[in-house]
Amino acid sequence: SQQGEEDPQALSIQEGENATMNCSYKTSINNLQWYRQNSGRGLVHLILIRSNEREKHSGRLRVTLDTSKKSSSLLITASRAADTASYFCPSQGTGTALIFGKGTTLSVSS
Amino acid sequence: EPEVTQTPSHQVTQMGQEVILRCVPISNHLYFYWYRQILGQKVEFLVSFYNNEISEKSEIFDDQFSVERPDGSNFTLKIRSTKLEDSAMYFCASRAEGSQYFGPGTRLLVL
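Keep in mind that this is a model prediction, so the values were computed, not measured.

Chemist: Give a detailed account of the packing of aromatic side chains, specifying residues and quantitative values.
Modeler: Residues and elements named next belong to chain B. Evaluation of the coordinates by the stated rule reveals 14 aromatic pairs over all chains. Aromatic pair Tyr-35 and Phe-45: ring centres 5.6 Å apart, planes at 65°, arrangement edge-to-face. Linking Tyr-35 in strand β4 (residues 31-37) with Phe-45 in strand β5 (residues 43-50), this pair joins segments that are 10 residues apart in sequence. Residue classification places Phe-45 among the buried positions, given a relative accessible area of 12%. Between the aromatic rings of Phe-91 and Phe-102, the centroid separation amounts to 6.4 Å while the plane-to-plane angle is 80°, which identifies the pairing as edge-to-face. A residue pair is termed long-range when its members are at least 10 positions apart, and Phe-91 in strand β9 (residues 88-96) and Phe-102 in strand β10 (residues 99-102) qualify at 11 residues. Against the face of Tyr-31 rests Arg-95, its NZ or CZ located 4.6 Å from the ring centre.

Chemist: Outline the state of the cysteines, listing residues and values.
Modeler: Residue and element names in this part refer to chain A. Taken as a whole and assessed by the stated rule, the structure comprises 2 disulfides over all chains. Here Cys-23 engages in a disulfide with Cys-89; their sulfurs sit 1.8 Å apart. Taking the torsion about the sulfur-sulfur bond, which here is approximately 95°, the covalent link between Cys-23 and Cys-89 counts as right-handed. Taken together, the residues Cys-23 in strand β3 (residues 19-24) and Cys-89 in the loop between β9 (85-88) and β10 (91-92) connect sequence positions 66 residues apart.

Chemist: Describe the pairing of strand β7 (residues 65-68) of chain B, listing the residues and the values that go with them.
Modeler: The side chains of a regular strand alternate, first on one face of the sheet and then on the other. All names here are of chain B. Where β7 lies against strand β8 (residues 75-79), 4 bridges are found, and the strand directions are antiparallel. Paired with Ser-66 across the bridge in β8 is Lys-78. In this structure, the hairpin formed by β7 and β8 is closed by a connection of 6 residues.

Chemist: How would you explain a nonpolar patch on the surface if you had to name every residue and give the values?
Modeler: On the surface, Val-12, Leu-109 and Leu-111 of chain B cluster together to form a nonpolar patch covering roughly 270 Å² of accessible area. Note on Leu-109 of chain B: relative accessible area 40%, which makes it partly exposed.

Chemist: Any details on the sheet that holds strand β3 (residues 19-24) of chain B? Residues and values, ideally.
Modeler: Residues and elements named next belong to chain B. Taken in spatial order, the 4 strands make up an open sheet running β1-β3-β8-β7, and their pairing is antiparallel. Of all strands in the sheet, those with a lone pairing partner are β1 (5-7) and β7, marking the two edges. Taking each pair of neighbouring strands and ignoring which way they run, the sheet shows an average axis angle of 20°. Where β1 and β3 come together, 3 bridges link them in antiparallel fashion. Residue pairing in the sheet places Thr-5 in a bridge with Val-24 of β3.

Criteria and thresholds
Residues numbered from 1 in each chain as written. Chains lettered and ligands numbered in written order. Predicted model: local features only at pLDDT ≥ 70, side-chain atom pairs only at ≥ 80, totals over all residues. Heavy atoms only, no water. Phe/Tyr/Trp six-rings, centres within 6.5 Å; stacked < 30°, edge-to-face > 60°. Helix = DSSP H or I, 4+ residues; strand = E, 2+ residues; numbered from the N terminus. Buried < 20%, exposed > 50% of the residue type's maximum accessible area, 1.4 Å probe, protein only. Lys NZ or Arg CZ within 6 Å of the ring centre and 35° of its normal. Disulfide = S-S within 2.5 Å. Pairing = 2+ DSSP bridges. Patch = residues over 30% accessible without salt bridge, like charges linked within 9 Å, V, L, I, M, F, W, Y side chains within 5 Å. Areas by Shrake-Rupley, 256 points an atom, 1.4 Å probe, with all protein chains shown as cover. Salt bridge = Lys/Arg side-chain N within 4 Å of Asp/Glu carboxyl O. Axes fitted to C-alpha atoms, helices over the stretch in contact; angles between N-to-C directions.

Following this line, the structure appears as structure tokens:
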């Protein structure tokens, strides 16, 4: 399968805690994107990290990329109830199509 | 900030009917996509479109589906004869500088 695999499948934390989710992929990449999907809603683009970057920040988000291990991680610091959603790191097929996995379902309780 | 928009937000149709889902991609983007998500399942790629032609399509995108960019702003997905299994959320996306930006989706229900 070419899809990115997110791990864990589900994560439950308290507000204020940090959430870390991981992604592994199989083929070489030019870049990796992370998305958020609230239940029944659209996919929100969070961040893109290029293959020559090791770390990138955007607000409370920190993404790392290890191309030697074909893995990436998304850290959400000081989580809020509004961060409750599913998170995806789709891989790219031979073209530009994104191939989605099952994602990590994050639940943040107050 | 520019966004991808989609209409309608919800569509209910009878099996066998034709539906057209509409999307307005972000204005300076050149690559356009349709994806779908059946309830409770993964997001699936349907088709990509560049330079007024299909550049890639999945096995799902059979002869019942077609896409069109009828003018400089709209991008449409047509399902000619809907089936029950076409019930899903359909997402349009457009791409620039490697990032794909998704619209809010059209929820299609085929009865």
